[in-house]
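These are the residues of each chain, in order.
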Amino acid sequence: MDSTFLPFIILLLLLSFSIISAANSIPKALIFGQHLTSEPTTTTTTTTNGIPPTTCFEVTKPIQLPNTKPCSTLLLQHDFGNSYGIPPASAQYTRPSNCPSNDFAKIVLEWNVTCKGRQLDRIIGIWLSGVELFRSCTAQPRARGIFWTVKKDITRYYSLLMSNQTQTLAVYLGNKVDSNTNGVYHVNVSIHYYPPEKKTKTNTETTTLHVNSDQDDGYKEWADLIIPISQNLPLNDALWFKIYNLNDVKTKQFAIPPNAYRAVLEVYVSVDEADELWPKNLPNDYISSNNITGQPGNGPFREVIVSLDGKIVGVVWPLTVVFTKSINPYLWGQIMAIGSFDLPSYDIEITPFLGSLLNGKLHDFAFSVTNGLNVWLIDANLHVWLDAKSEKTKGMLLNQTISPLHESLKSNFKGFNGTFVTSVQRSIKSSGWVETSFGKIVTESTQDFNLSNIMVMGNEGRSQTVNQTIEFIDIVDSKIASSFHNTKSLKSFYFYLYSERVDNGDRNQEEVENVTLGFNEKKIDNFGSKSSSSVLENLKNIQGSMILKDNVAFTGIGSSQQNYSYSDDKLCYFRNISRVTFTIIYDKEGDTCSKPKKSRFDFQRVKNGIFLLEELF
């Protein structure tokens, strides 16, 4: 390390430990499932020597809430110590019965955690009657303690949440506690139910708008039924399926009611162990030529394949979610990586295939991972819309076109140095019709994917540069008589990594990393003469270094800068934030929007194999 850099590191480390962060609060209702008529009572988190715990967070937009007072329920309060390989923590769930309203415009899940000590990152899942509501990762605790809150809009699970049945809420956080990793996660899980606002019809008459009212043509925002495609309780593990290699296939049987007219499969995906950072996985020929051991291979491309009764119906090319112990634990501080506190789920339109599912028999969904290594954690929720005016619908698959997976690898290496360019394309288009009481609905679904990964190994294998871009176009068109519904989504996922390790002698090494993460999405929803749109841009740059002795990190530093902006027809929000270690040095947010400008991700395609975004809409 450059000796001029050491005083700077020491100064920043001392500065970070002198900062006192204001703590958030935790709901303290003591009766599980107690229904409250307002937000739970809050209190300050505990302190260490008068210093409050560090508040961790992921930069994201606020949830748009109605201007009404919520009913709130504390569902679970649990300490996750040695919780790996045992049944999930559980609680009984019933819909709120003593709220002023029986109808809700927004339902929000709240996840609160405190932890002290040392611990690895752990993946979290929450299920209601086997339906996954939330997937997350823990933050890295500190001796002084950490605290974080995640709020997720779970209104799309409305029919499940409003069921009259008593249901089981299962929460899995597979933690291990020993002399080295001693952090215990103290968890509260709550749900807040927001009644809709009342709109005045006349000076004396008001009406409450139902949040998911029936339409004459069958278009409803939320499904009438949600079927879990996950493992069944009881079990000594989480409810997700574990995919261990490229030949592993996990299957779940299900059946749907005979009057279904629409179906969407929502897929949850996360990764651990060898494939946790698959975009940096090395090509197998490079590994074998250099007799490398202990390094994950199979190259940088992964694809989650979803099959129905043995035939592909869709795929997922997931966002690379970087957890808090990944790459370099000093990179993240209190601001988490994109998607790590609220992992995204991915929708696949199943409606074109309904014709084969309406026979009352059992059918199979199956999951596999192209090039996969251990271990992928996958499950899904099947959202089903039902025709209340019909006992039975019927349908037919009209056409399906699946392009072969076009995967190209260009390698140029000598010894440990070399360049590798991976390019992959995939397109799936399906169409079908369903006959309902509304009329015949014709649905066409399109998935179009492009990936480019450029990897450079240098300095005799001690440095690695990875530059990966995924672009994903998802289009669903539904037509009935003269009415139509069209949704378009364009996503881009960006992952850049530069990592180098230098041997400083005396068993000391310095490791330096630069990381860039990007998530961009444009959405347009057309419903007859009405339309809505949204634009999200989220870009995070991270820099860090650490000193290792005998391959164990004992000091380091990290900094990050993040630009987040979101706009739709109702909300404009931006936040620009920077930090060094655990010190926030710049933080500006607001709700004013300037005139839309060309996205930083909207580039034209170029000929060197990098698939960059074009303007689609």
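Structure: see above.
Now for a quick tour of the structure. Along each chain, numbering runs from 1 in the same order as the chain's sequence is written. With the structure being a predicted model, the display of local features is reserved for residues of pLDDT at least 70 and the display and counting of side-chain atom pairs for 80 or more, all residues being used for whole-chain, interface and lining totals. The basis for every side-chain value is the complete set of heavy atoms in the structure, and neither hydrogens nor water enter the calculation.

Observations concerning the overall build of the protein
Looking only at helices and strands, one finds three helices and 34 strands in the protein. With 617 residues in all, the protein has 53% of them scored as buried. By the convention used here, residues are in contact when the closest approach between their heavy atoms is within 4.5 Å. Here the contacts in the protein between residues at least 6 apart in sequence split such that 74% fall between residues at least 24 apart. Here the accessible surface of atoms and residues is derived via Shrake-Rupley with a 1.4 Å probe, and residues count as covered only by protein chains that are part of the display. Of the roughly 27,200 Å² that the protein leaves accessible, carbon and sulfur atoms contribute 52%. A run of DSSP states H or I qualifies as a helix once it reaches four residues; a run of E qualifies as a strand once it reaches two. Both are numbered from the N-terminal end. In this scheme, a residue with accessible area under 20% of its type's maximum is buried, one over 50% is exposed, and one in between is partly exposed, where area comes from a 1.4 Å probe on protein chains only.

So, the sheet that holds strand S6 (residues 89-93)
Within the open sheet, the four strands sit side by side as S6-S11-S8-S9. Their pairing is antiparallel. Two strands lie at the open edges of the sheet, namely S6 and strand S9 (131-137), each paired on one side alone. Pairwise comparison of adjacent strand axes, ignoring direction, gives a mean angle of 15 degrees for this sheet. When DSSP finds at least two bridges between two strands, those strands are taken to pair. With five bridges connecting them, strand S8 (residues 123-128) and strand S11 (residues 167-173) associate as antiparallel partners. Axis angles are defined between N-to-C directions and span 0 to 180 degrees, where every axis is a line fitted to C-alpha atoms and, for a helix, only to the segment in contact.

Re the pattern of salt bridges
In what follows, salt bridge is the name for a side-chain nitrogen of Lys or Arg lying within 4 Å of a carboxyl oxygen of Asp or Glu. Overall, the coordinates contain 15 salt bridges when judged by the stated rule. Here Lys106 ties to Asp153 by a salt bridge, and the two come within 3.2 Å at their closest N and O atoms. Remark: Asp153 occurs in strand S10 (residues 146-153) and Lys106 occurs in strand S7 (residues 106-115); sequence separation between them is 47 residues. Judged by relative accessible area, Lys106 falls into the buried class, the value being 17%. Across the salt bridge formed by Arg135 and Glu132, the nearest N and O atoms sit 2.8 Å from each other.

Here's the deal with the sheet that holds strand S17 (residues 250-254)
The strand order across the open sheet built from four strands is S17-S22-S19-S20, with neighbouring strands paired in antiparallel fashion. At either end of the open sheet lies a strand with only one pairing partner, and these are S17 and strand S20 (311-316). Between one strand axis and the next, the sheet turns by 25 degrees as a mean value, whatever way the strands run.

Quick notes on a nonpolar patch on the surface
Nonpolar side chains (Val, Leu, Ile, Met, Phe, Trp, Tyr) are joined into patches within 5 Å and like charges within 9 Å, using only residues with over 30% relative accessible area and no salt bridge. There is a patch of nonpolar side chains on the surface, built from Met396, Leu398 and Val442 and spanning about 260 Å² of accessible area. Looking at the element boundaries, Met396 is found in strand S24 (residues 394-402).

Focus: the state of the cysteines
Count a disulfide wherever a pair of cysteine sulfur atoms falls within 2.5 Å. Here the structure, examined in full by the defined rule, presents one disulfide. One disulfide bridge connects Cys71 with Cys99, the sulfur atoms lying 2.2 Å from each other. Of this pair, Cys71 sits in strand S5 (residues 71-80) while Cys99 is found in the loop between S6 and S7, placing the two residues 28 residues apart along the sequence. As far as the burial class goes, Cys71 and Cys99 line up, both buried.

What about the packing of aromatic side chains?
Stacked, edge-to-face and tilted labels apply to pairs of Phe, Tyr and Trp rings (six-membered ring for Trp) whose centres lie within 6.5 Å, assigned for plane angles under 30 degrees, over 60, and everything in between, in that order. In the structure shown here, the tally under the stated rule is 19 aromatic pairs. Seen from their ring centres, Tyr172 and Trp240 are 6.1 Å apart, and the 85 degrees between their planes marks the pair as edge-to-face. With a gap of 68 residues between them, Tyr172 in strand S11 and Trp240 in the loop between strand S15 (225-229) and strand S16 (241-243) connect regions that are remote in the sequence. This pair shows no difference in class: Tyr172 is buried, exactly as Trp240 is. An aromatic cluster is defined as three or more aromatic residues linked by ring pairs; in this entry it consists of Phe301, Trp317, Phe449 and Phe472. Definition used: whenever NZ (Lys) or CZ (Arg) falls within 6 Å of the ring centre and also within 35 degrees of the ring normal, the charge is taken to sit over that ring. One cation-aromatic arrangement involves Lys176 over Tyr84; the distance from NZ or CZ to the ring centre is 4.5 Å.

Some details on the environment of Ala143
Relative to the helices and strands, Ala143 is located in the loop between S9 and S10. Counting along the chain gives 28 residues from Ala143 to Cys115, while the straight-line C-alpha distance between them is 8.8 Å.

A closer look at unusual backbone geometry
Here Leu233 and Pro234 are connected by a cis peptide whose omega angle stands at 0 degrees. With respect to the secondary-structure elements, Pro234 resides in the loop between S15 and S16. For the peptide bond that leads from Asn374 to Val375, omega is 5 degrees, which places it in the cis range. Tracing the backbone through its elements, the reader meets Val375 in the loop between strand S22 (363-370) and strand S23 (376-386). One non-glycine residue, Ile327, lies in positive phi territory at about 65 degrees. Within the fold, Ile327 resides in the loop between S20 and strand S21 (345-349).

Brief notes about the nonpolar core
Definition used in this section: a nonpolar core is a set of buried Ala, Val, Leu, Ile, Met, Phe, Trp, Tyr and Cys residues joined via side-chain atoms within 4.5 Å. Counting residues in each nonpolar core, the largest one holds 96 residues, and the members touching the most others are Ile256, Ile350, Phe365 and Leu382. If one sorts the elements of this core by residue count, strand S18 (residues 260-271) sits on top with eight residues. Contact partners of Ile256, with chain neighbours within four places excluded, come to Ile227, Leu354, Leu357, Leu358, Leu382 and Val384. Tyr93, Cys99, Trp148 and Ile191 belong to the second largest nonpolar core, which has 44 residues in total.

Looking at the environment of Arg122
Turning to its location among the elements, Arg122 is positioned in the loop between S7 and S8. The exposure class assigned to Arg122 is buried, which follows from its relative accessible area of 11%. Residues Arg122 and Leu173, 51 residues apart in the sequence, show an inter-C-alpha distance of 6.6 Å. When near neighbours in sequence (up to four residues on either side) are disregarded, Arg122 contacts Ser136, Cys137, Thr138, Leu173, Gly174, Asn175, Lys176 and Tyr185. Only 3.1 Å separates the side chain of Arg122 from the side chain of Asn175, close enough to count as a polar contact. Polar contact criterion, stated in full: a pair of N or O atoms within 3.5 Å, where within protein one must be able to donate a hydrogen and the other to accept it, and residues adjacent in sequence count only if both atoms are side-chain atoms.

Function-wise, these values are silent; they only describe arrangement.
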